[in-house]
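Coordinate inspection notes
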Amino acid sequence: MAIPVEIISKVIEQTAKVVDEQVEAQLSKLNEMDDDDLERLKERRLEALKKAQKQKQEWLSKGHGEYREISSEKDFFGEVKESKNVVCHFYRNSTFRCKILDKHLALLAKKHVETKFIKLNVEKAPFLTERLRIKVIPTLALLLDGKTKDYVVGFTDLGNTDEFSTEMLEWRLGCADVINYSGNLMEPPTGTQKSGSKITKVEKKSIRGRGYDSDSDDD
């Protein structure tokens, strides 16, 4: 049943009135402030900007802001120790889906400077992959404060499709609190995914066994 135009117009009018009242209240508050109040407000905002810029420079000095490959297990422990949020891609050159992840991770590394994005070849890290129980390639290990909080194993959490969007991966990382995600964590972003595929928030997984299984159909 269609909603009458009169009711829609009334709702729009009431909404506009509420917004106008909120704007008026903010303007009145600003008008009541004297020069000293405005100066203090300006100083606080400037201080916040300086603090944010200093934090960003600190992250950049630790290798944030770019998607990098590390060469050894020893490097992994050093990288994880100095950064609060880390996303590590355990990959293998012969696995096609690892190259798909590379593309998305490179974009997210630039966007989420608060998080370090690195990759490590599993063939160069037998001890670490055994310790973290990495069996399926590709696997993303999501670390907070030096501890592994969650895993993204293959593309299952991303819609079971090679055509998942960068926004889908961003949402999945946001579910693990490893990046500062500003979207809705309750629902994945709309995008390309296989018909009927199920996407859910996944808790930390244990990948048991030795050797590596590929998540690529053609590998």
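Before reading further, recall that the structure is shown in the block above.
Here goes a summary of the coordinates provided. (Residues numbered from 1 in each chain as written. Predicted model: local features only at pLDDT ≥ 70, side-chain atom pairs only at ≥ 80, totals over all residues. Heavy atoms only, no water.)

Here we take up the packing of aromatic side chains. Where two aromatic rings form a pair, the distance of their centres and the angle of their planes describe that pair. Applying the stated rule across the entire model yields 3 aromatic pairs. Seen from their ring centres, Phe-76 and Phe-90 are 6.2 Å apart, and the 50 degrees between their planes marks the pair as tilted. Residue Phe-76 is found in helix 3 (residues 73-82), and its partner Phe-90 is found in strand 2 (residues 85-91); the two are separated by 14 residues along the sequence. Centre to centre, the rings of Phe-155 and Phe-164 are 4.8 Å apart; their planes meet at 75 degrees, and the pair counts as edge-to-face. What makes Phe-155 buried here is its relative accessible area of 0%. We classify Phe-164 as buried; its relative accessible area is 3%. Through pairs of rings, three or more aromatic residues link up here, namely Phe-76, Phe-77 and Phe-90. Over the ring of Tyr-91 we find Lys-119; its NZ or CZ atom is 4.3 Å from the centre of that ring. (Phe/Tyr/Trp six-rings, centres within 6.5 Å; stacked < 30°, edge-to-face > 60°. Helix = DSSP H or I, 4+ residues; strand = E, 2+ residues; numbered from the N terminus. Buried < 20%, exposed > 50% of the residue type's maximum accessible area, 1.4 Å probe, protein only. Lys NZ or Arg CZ within 6 Å of the ring centre and 35° of its normal.)

Taken across its 10 residues, helix 6 (residues 166-175) has 9 buried, putting it largely inside the fold. Along helix 6, the residues classified as buried are Thr-166, Met-168, Leu-169, Glu-170, Trp-171, Arg-172, Leu-173, Gly-174 and Cys-175. Contacts from the buried residues of helix 6 go to strand 2, helix 4 (96-111), strand 3 (116-121), strand 5 (139-144) and strand 6 (147-153). (Contact = heavy atoms within 4.5 Å.)

All right, on to helix 4 then. Every buried residue of helix 4 is accounted for by Arg-97, Cys-98, Ile-100, Leu-101, Asp-102, His-104, Leu-105, Leu-108 and Ala-109. Next to the buried residues of helix 4 lie strand 1 (67-69), strand 2, strand 3, strand 4 (136-137), strand 5 and helix 6.

Glancing now at the environment of Glu-82. Mapped onto the secondary structure, Glu-82 falls in helix 3. Residue Glu-82 is classed as partly exposed on the basis of its relative accessible area of 36%. Residues Glu-82 and Lys-62 lie 20 residues apart in sequence; the distance between their C-alpha atoms is 7.4 Å.

Pairing is mixed in the open sheet, where 5 strands are placed in the order 1-3-2-5-6. Sheet topology places strand 1 and strand 6 at the edges, where each strand pairs with a single neighbour. Neighbouring strand axes in the sheet, compared pairwise and without regard to direction, differ in orientation by 25 degrees on average. Of the pairings in the sheet, the one linking strand 2 to strand 3 comprises 6 bridges and is parallel in character. When the bridges of strand 3 are listed, His-89 appears paired with Lys-119. Sheet contacts for helix 3: strand 1, strand 2, strand 3 and strand 5; angle to strand 3, the most-contacted strand, approximately 165 degrees. Helix-sheet contacts for helix 4 involve strand 1, strand 2, strand 3 and strand 5, and the interaxial angle to strand 2 is about 160 degrees. (Pairing = 2+ DSSP bridges. Axes fitted to C-alpha atoms, helices over the stretch in contact; angles between N-to-C directions.)

The buried fraction of strand 6 is high, at 5 of 7 residues. Pairing geometry for strand 5 and strand 6, over 6 bridges, is antiparallel. The partner of Leu-143 across the bridge, within strand 6, is Thr-148. Counting the residues that bridge the hairpin from strand 5 to strand 6 gives 2 residues, and of these Asp-145 lies at a positive phi of roughly 55 degrees.

Right, let's talk about the pairing of strand 2 for a bit. Remark: a regular strand shows side chains that alternate across the two faces of the sheet. Within strand 2, 7 of the 7 residues are buried, which leaves the element mostly enclosed by the surrounding structure. By the alternation rule, side chains of strand 2 split into Asn-85, Val-87, His-89 and Tyr-91 and Val-86, Cys-88 and Phe-90, which are all buried. In this view, the connection linking strand 2 to its parallel neighbour strand 3 by way of helix 4 has right-handed handedness. (Right-handed = clockwise from strand over helix to strand, strands pointing away.)

Note that every value here comes from positions in space, so none of it alone points to a role or purpose.
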